[in-house]
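Overview (structure and organization)
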Amino acid sequence: KKVGVLISGSGTNLQALIDASKNVTYQMGAEIVLVISNKPGVKGLDRAHNAGIKTKVIKHVDYKDREAFDKAMDTELVQQGVDIICLAGFMRILSPWFVKKWRGAIINIHPSLLPSFKGANAHEEVLKYGARVSGCTVHFVNEDIDSGAIIEQEAVPVMPTDTKVTLEERIKKAEHKVFPKALKLLATNQIKLKDDNTIEWLNL
Ligand code: GRF
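Residue numbers here run from 1 along each chain, matching the order of that chain's written sequence. pLDDT decides what is reported in this predicted model: residues at 70 or higher carry local features, side-chain atom pairs at 80 or more are listed and counted, and totals for whole chains, interfaces and linings draw on all residues regardless. Remark: hydrogens and water are excluded; side-chain values derive from all non-hydrogen atoms of the structure.

Thoughts on the overall build of the chain
As a reminder of what qualifies: Put simply, DSSP H or I for four residues or longer makes a helix, DSSP E for two residues or longer makes a strand, and each gets a number counted from the N terminus. Between the two quantities, the radius of gyration covers C-alpha atoms and the globule rule is 2.2 Å times the number of residues to the power 0.38. Here's how the labels work: a residue is buried when its accessible area is under 20% of the maximum for its type, exposed when over 50%, partly exposed in between, all with a 1.4 Å probe on protein chains only. Here, residues are in contact when the closest pair of their heavy atoms is within 4.5 Å. Computed by Shrake-Rupley with a 1.4 Å probe, the accessible areas treat only the displayed protein chains as cover when residues are assessed. His is not counted here, nor are the chain ends, while Lys and Arg score as positive and Asp and Glu score as negative. Taken as the charge location is NZ of Lys, CZ of Arg, CG of Asp or CD of Glu.
Of regular secondary structure, the chain possesses 6 helices and 9 strands. Taken against the 2.2 N^0.38 rule, which gives 17 Å for 204 residues, the C-alpha radius of gyration of the chain at 16 Å falls within 12% of a compact globule. The principal-axis extents of the C-alpha atoms in the chain amount to approximately 50 × 45 × 35 Å. Across the 204 residues that make up the chain, the buried fraction comes to 46%. When contacts within the chain are restricted to residue pairs at least 6 apart in sequence, those whose partners lie at least 24 apart make up 62%. By element, 51% of the accessible surface of the chain is carried by carbon and sulfur atoms, the whole surface being about 10100 Å². Averaging the positions of the 28 positive and the 24 negative side-chain charges in the chain gives two centres separated by 2 Å.

This is the structure we're talking about:
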(Lines give C-alpha, C1' and ligand atoms only; values in the text may rest on other atoms or scores of the structure.)
Protein backbone atom coordinates (compact mmCIF):
# COMPACT_ATOMS: atom_id res chain seq x y z
CA LYS A 1 0.00 0.00 0.00
CA LYS A 2 1.12 3.54 -0.68
CA VAL A 3 1.15 5.84 2.34
CA GLY A 4 1.06 9.61 2.69
CA VAL A 5 2.13 11.08 6.03
CA LEU A 6 0.94 14.50 7.20
CA ILE A 7 3.15 16.32 9.71
CA SER A 8 3.62 19.71 11.36
CA GLY A 9 6.79 19.26 13.38
CA SER A 10 9.67 17.14 14.57
CA GLY A 11 8.47 13.95 12.92
CA THR A 12 9.73 11.33 15.36
CA ASN A 13 6.62 9.28 14.60
CA LEU A 14 7.28 9.75 10.89
CA GLN A 15 10.79 8.40 11.53
CA ALA A 16 9.35 5.34 13.27
CA LEU A 17 7.08 4.71 10.28
CA ILE A 18 9.98 5.17 7.84
CA ASP A 19 12.20 2.78 9.80
CA ALA A 20 9.50 0.11 10.05
CA SER A 21 8.57 0.41 6.37
CA LYS A 22 12.21 -0.03 5.34
CA ASN A 23 12.72 -3.00 7.64
CA VAL A 24 12.12 -6.06 5.45
CA THR A 25 11.48 -8.41 8.35
CA TYR A 26 8.76 -6.12 9.76
CA GLN A 27 6.63 -6.76 6.64
CA MET A 28 4.62 -3.59 7.02
CA GLY A 29 3.06 -3.89 3.57
CA ALA A 30 3.38 -0.14 3.25
CA GLU A 31 5.65 2.28 1.44
CA ILE A 32 5.70 5.97 2.34
CA VAL A 33 5.50 7.83 -0.96
CA LEU A 34 4.74 11.37 0.21
CA VAL A 35 5.19 13.55 3.30
CA ILE A 36 3.16 16.77 3.50
CA SER A 37 3.87 19.46 6.09
CA ASN A 38 1.71 22.52 6.69
CA LYS A 39 4.79 24.21 8.14
CA PRO A 40 8.03 24.91 6.25
CA GLY A 41 11.45 24.15 7.73
CA VAL A 42 10.38 21.51 10.24
CA LYS A 43 12.64 18.62 11.19
CA GLY A 44 10.18 16.03 9.86
CA LEU A 45 10.85 17.31 6.33
CA ASP A 46 14.60 16.65 6.78
CA ARG A 47 13.80 13.15 7.96
CA ALA A 48 11.77 12.54 4.78
CA HIS A 49 14.53 13.98 2.56
CA ASN A 50 17.13 11.78 4.25
CA ALA A 51 14.99 8.75 3.53
CA GLY A 52 14.54 9.77 -0.12
CA ILE A 53 10.81 10.41 0.27
CA LYS A 54 9.04 13.07 -1.76
CA THR A 55 7.92 16.05 0.33
CA LYS A 56 5.49 18.89 -0.15
CA VAL A 57 4.94 21.98 1.99
CA ILE A 58 1.34 23.15 1.81
CA LYS A 59 0.85 26.14 4.10
CA HIS A 60 -2.66 26.35 5.50
CA VAL A 61 -2.32 30.14 5.74
CA ASP A 62 -2.20 30.30 1.93
CA TYR A 63 -5.77 28.99 1.61
CA LYS A 64 -9.06 30.75 2.15
CA ASP A 65 -10.58 28.02 4.30
CA ARG A 66 -10.07 24.53 5.68
CA GLU A 67 -11.60 22.78 2.71
CA ALA A 68 -9.50 24.66 0.15
CA PHE A 69 -6.36 23.65 2.09
CA ASP A 70 -7.55 20.05 2.31
CA LYS A 71 -8.30 20.00 -1.44
CA ALA A 72 -4.71 21.05 -2.16
CA MET A 73 -3.45 18.18 0.02
CA ASP A 74 -5.91 15.76 -1.57
CA THR A 75 -4.64 16.63 -5.07
CA GLU A 76 -1.06 15.76 -4.08
CA LEU A 77 -2.07 12.57 -2.28
CA VAL A 78 -4.11 11.37 -5.26
CA GLN A 79 -1.29 12.30 -7.66
CA GLN A 80 1.10 10.05 -5.73
CA GLY A 81 -1.40 7.19 -5.69
CA VAL A 82 -1.76 7.23 -1.90
CA ASP A 83 -4.02 4.55 -0.35
CA ILE A 84 -3.54 5.30 3.35
CA ILE A 85 -2.94 8.59 5.20
CA CYS A 86 -1.11 8.75 8.55
CA LEU A 87 -1.43 11.85 10.71
CA ALA A 88 1.86 12.03 12.60
CA GLY A 89 1.81 15.17 14.70
CA PHE A 90 -0.32 17.01 12.15
CA MET A 91 -1.77 19.95 14.05
CA ARG A 92 -4.67 20.90 11.75
CA ILE A 93 -8.28 19.80 11.98
CA LEU A 94 -9.40 18.14 8.75
CA SER A 95 -12.60 19.25 7.00
CA PRO A 96 -15.64 16.92 6.95
CA TRP A 97 -15.19 16.73 3.17
CA PHE A 98 -11.65 15.34 3.47
CA VAL A 99 -12.48 12.97 6.32
CA LYS A 100 -15.44 11.56 4.40
CA LYS A 101 -13.47 11.12 1.20
CA TRP A 102 -10.71 9.17 2.96
CA ARG A 103 -12.98 7.31 5.40
CA GLY A 104 -11.37 4.12 6.69
CA ALA A 105 -8.01 5.14 5.24
CA ILE A 106 -6.81 7.84 7.67
CA ILE A 107 -5.21 7.01 11.02
CA ASN A 108 -3.97 9.37 13.74
CA ILE A 109 -1.70 9.03 16.77
CA HIS A 110 -2.81 10.78 19.94
CA PRO A 111 -0.65 11.04 23.09
CA SER A 112 -3.15 9.80 25.70
CA LEU A 113 -5.32 6.78 26.39
CA LEU A 114 -8.48 7.82 24.57
CA PRO A 115 -11.25 8.60 25.29
CA SER A 116 -9.46 10.38 28.14
CA PHE A 117 -7.58 13.61 27.51
CA LYS A 118 -8.56 14.50 23.96
CA GLY A 119 -7.22 17.63 22.28
CA ALA A 120 -3.93 19.39 21.82
CA ASN A 121 -2.80 19.63 25.48
CA ALA A 122 -3.08 16.02 26.63
CA HIS A 123 0.13 15.89 28.70
CA GLU A 124 -0.59 19.13 30.60
CA GLU A 125 -4.10 17.93 31.37
CA VAL A 126 -2.93 14.48 32.51
CA LEU A 127 -0.46 16.13 34.90
CA LYS A 128 -3.01 18.66 36.13
CA TYR A 129 -5.55 15.92 36.76
CA GLY A 130 -2.97 13.80 38.56
CA ALA A 131 -3.62 10.67 36.50
CA ARG A 132 -1.12 7.91 37.33
CA VAL A 133 -1.33 6.27 33.92
CA SER A 134 -1.35 7.77 30.45
CA GLY A 135 -0.24 6.42 27.10
CA CYS A 136 -1.00 6.69 23.43
CA THR A 137 -3.71 5.70 20.98
CA VAL A 138 -3.78 5.07 17.24
CA HIS A 139 -7.30 5.46 15.87
CA PHE A 140 -9.21 5.89 12.63
CA VAL A 141 -10.03 9.53 11.93
CA ASN A 142 -13.66 10.54 11.87
CA GLU A 143 -15.35 13.94 11.91
CA ASP A 144 -15.02 14.39 15.68
CA ILE A 145 -11.61 15.14 17.15
CA ASP A 146 -9.74 12.18 18.67
CA SER A 147 -12.90 10.06 18.55
CA GLY A 148 -12.57 7.43 15.81
CA ALA A 149 -12.36 3.67 16.34
CA ILE A 150 -9.30 2.60 18.34
CA ILE A 151 -6.72 0.42 16.58
CA GLU A 152 -3.85 0.23 19.08
CA GLN A 153 -3.05 1.61 22.55
CA GLU A 154 -0.18 1.37 24.98
CA ALA A 155 -0.26 2.44 28.61
CA VAL A 156 2.64 4.37 30.16
CA PRO A 157 3.07 5.24 33.87
CA VAL A 158 2.96 8.85 35.03
CA MET A 159 5.64 9.63 37.66
CA PRO A 160 5.03 12.14 40.47
CA THR A 161 8.14 14.00 39.32
CA ASP A 162 7.05 14.18 35.67
CA THR A 163 7.04 17.41 33.70
CA LYS A 164 5.39 17.80 30.31
CA VAL A 165 8.79 17.11 28.74
CA THR A 166 9.58 13.89 30.63
CA LEU A 167 6.05 12.51 30.22
CA GLU A 168 5.98 13.35 26.52
CA GLU A 169 9.34 11.65 26.04
CA ARG A 170 8.19 8.44 27.78
CA ILE A 171 4.93 8.37 25.81
CA LYS A 172 6.69 8.98 22.48
CA LYS A 173 8.70 5.77 22.98
CA ALA A 174 5.38 3.91 23.12
CA GLU A 175 4.03 5.90 20.14
CA HIS A 176 6.96 4.78 18.03
CA LYS A 177 6.01 1.14 18.66
CA VAL A 178 2.23 1.30 18.24
CA PHE A 179 2.01 3.56 15.18
CA PRO A 180 3.93 1.19 12.86
CA LYS A 181 1.97 -1.72 14.35
CA ALA A 182 -1.36 -0.03 13.58
CA LEU A 183 -0.28 0.95 10.08
CA LYS A 184 0.75 -2.65 9.41
CA LEU A 185 -2.69 -3.90 10.51
CA LEU A 186 -4.36 -1.56 8.02
CA ALA A 187 -1.86 -1.99 5.18
CA THR A 188 -2.04 -5.78 5.37
CA ASN A 189 -5.87 -5.76 5.47
CA GLN A 190 -6.12 -7.16 9.00
CA ILE A 191 -8.50 -4.39 10.03
CA LYS A 192 -11.32 -2.54 8.32
CA LEU A 193 -13.51 0.32 9.48
CA LYS A 194 -17.11 -0.86 9.38
CA ASP A 195 -20.16 1.28 8.53
CA ASP A 196 -21.10 1.44 12.22
CA ASN A 197 -17.66 2.97 12.96
CA THR A 198 -16.32 -0.07 14.75
CA ILE A 199 -13.42 -2.18 13.56
CA GLU A 200 -13.69 -5.51 11.82
CA TRP A 201 -10.70 -7.70 12.71
CA LEU A 202 -9.83 -10.01 9.84
CA ASN A 203 -7.58 -13.07 9.46
CA LEU A 204 -7.08 -13.43 13.22
C1 GRF B 1 3.08 13.14 19.15
O2 GRF B 1 3.11 13.19 20.55
C3 GRF B 1 1.71 12.76 18.66
O4 GRF B 1 1.04 11.87 19.50
C5 GRF B 1 1.00 14.07 18.63
O6 GRF B 1 1.95 15.00 18.20
C7 GRF B 1 3.26 14.54 18.54
C8 GRF B 1 4.08 14.50 17.30
O9 GRF B 1 5.43 14.24 17.55
N10 GRF B 1 -0.18 13.98 17.78
P11 GRF B 1 6.44 13.94 16.37
O12 GRF B 1 6.37 15.11 15.40
O13 GRF B 1 6.05 12.65 15.72
O14 GRF B 1 7.77 13.85 17.03
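Picking up after the structure, the text goes on.
Describing the confidence of the model for the chain
Test applied: pLDDT measures the predictor's confidence residue by residue and takes values from 0 up to 100.
In this model, the chain carries a mean pLDDT of 97, and residues with pLDDT of at least 70 account for 100%. When mean pLDDT is compared element by element in the chain, strand E4 (residues 84–87) scores highest at 99, while strand E9 (residues 199–201) scores lowest at 97. Our summary of model confidence lists the complex with pTM equal to 0.97 and ipTM equal to 0.98.

Focus: the pattern of salt bridges
Spelled out, the test is: When a carboxyl oxygen of Asp or Glu is within 4 Å of a side-chain nitrogen of Lys or Arg, the pair counts as a salt bridge.
Inspection of the entire model under this criterion finds 6 salt bridges. Notably, a salt bridge pairs Lys-56 with Glu-76, separated by 3.7 Å at the nearest N-O pair. Here Lys-56 is found in strand E3 (residues 54–57), whereas its partner Glu-76 is found in helix H3 (residues 66–79), with 20 residues between them in sequence. Residue Lys-56 is classed as partly exposed on the basis of its relative accessible area, which comes to 31%. The exposure class of Glu-76 is buried, given its relative accessible area of 13%.

Looking at the site of the ligand
This is how the line gets drawn: We define proximity as follows: a residue is near a molecule or strand when any one of its heavy atoms falls within 4 Å of that partner. For this analysis, a polar contact is any N or O atom pair within 3.5 Å, provided that within protein one partner can donate a hydrogen and the other can accept it, and provided that sequence-adjacent residues contribute only side-chain to side-chain pairs. Basically, the charged four are Asp, Glu, Lys and Arg, the nonpolar ten are Ala, Val, Leu, Ile, Met, Phe, Trp, Tyr, Cys and Pro, and anything else, Gly included, counts as polar.
Taken together, Ser-10, Gly-11, Thr-12, Asn-13, Gly-89, Ile-109, His-110, Pro-111, Lys-172 and Glu-175 make up the full set of residues near the ligand. Note that an oxygen atom of the ligand is positioned 2.7 Å from one of the backbone N or O atoms of Gly-11. Within the backbone of Asn-13, a nitrogen or oxygen atom sits 2.8 Å from an oxygen atom of the ligand. For the ligand, whose accessible area on its own is 370 Å², the fraction buried by protein is 89%. Secondary-structure elements contributing two or more residues to the shell around the ligand are helix H1 (12–22), strand E5 (106–110) and helix H6 (164–187). Split into classes, the residues belonging to the shell around the ligand amount to 2 nonpolar, 6 polar and 2 charged.

Considering the sheet that holds E4
Each strand in a sheet pairs with another by means of backbone hydrogen bonds, the pair being arranged parallel or else antiparallel. Here is the rule: For two strands to pair, DSSP has to find at least two bridges joining them. Only the stretch in contact is used when fitting a helix axis, every axis being a line fitted to C-alpha atoms; angles between N-to-C directions are given from 0 to 180 degrees.
Strand order in this open sheet of 7 strands is E3-E2-E1-E4-E5-E6-E7, and the pairing throughout is mixed. At either margin of the open sheet sits one strand with a lone partner, and together these are E3 and strand E7 (150–157). Each strand of the sheet is rotated relative to its neighbour by a mean of 20°, with strand direction disregarded. Relative to E7, strand E6 (residues 133–140) runs antiparallel, the two being bridged by 7 bridges. Pairing of Val-133 across the sheet is with Pro-157, part of E7.

Thoughts on the packing of aromatic side chains
Threshold: A pair of aromatic rings is counted whenever rings of Phe, Tyr or Trp (Trp by its six-membered ring) have centres within 6.5 Å, and the orientation is called stacked for planes under 30 degrees apart, edge-to-face for over 60 and tilted otherwise. Whether a charge sits over a ring comes down to the Lys NZ or Arg CZ being within 6 Å of the ring centre and within 35 degrees of the ring normal.
Taken as a whole, this structure holds 5 aromatic pairs when the rule is applied. When the centroid spacing of 5.9 Å and the interplanar angle of 75° are considered together, the rings of Phe-117 and Tyr-129 count as edge-to-face. You can see Phe-117 sitting in the loop between E5 and helix H5 (122–129) and its partner Tyr-129 sitting in helix H5, a full 12 residues away along the chain. Overall, the relative accessible area of 68% leaves Tyr-129 in the exposed class. Put simply, the rings of Tyr-63, Phe-69 and Phe-90 touch in pairs and so form one group of aromatic residues. The ring of Trp-97 carries Lys-71 above its face, with NZ or CZ at 4.8 Å from the centroid. Above the plane of the ring of Tyr-26 lies Lys-184, whose end atom (NZ or CZ) is 5.4 Å from the centre.

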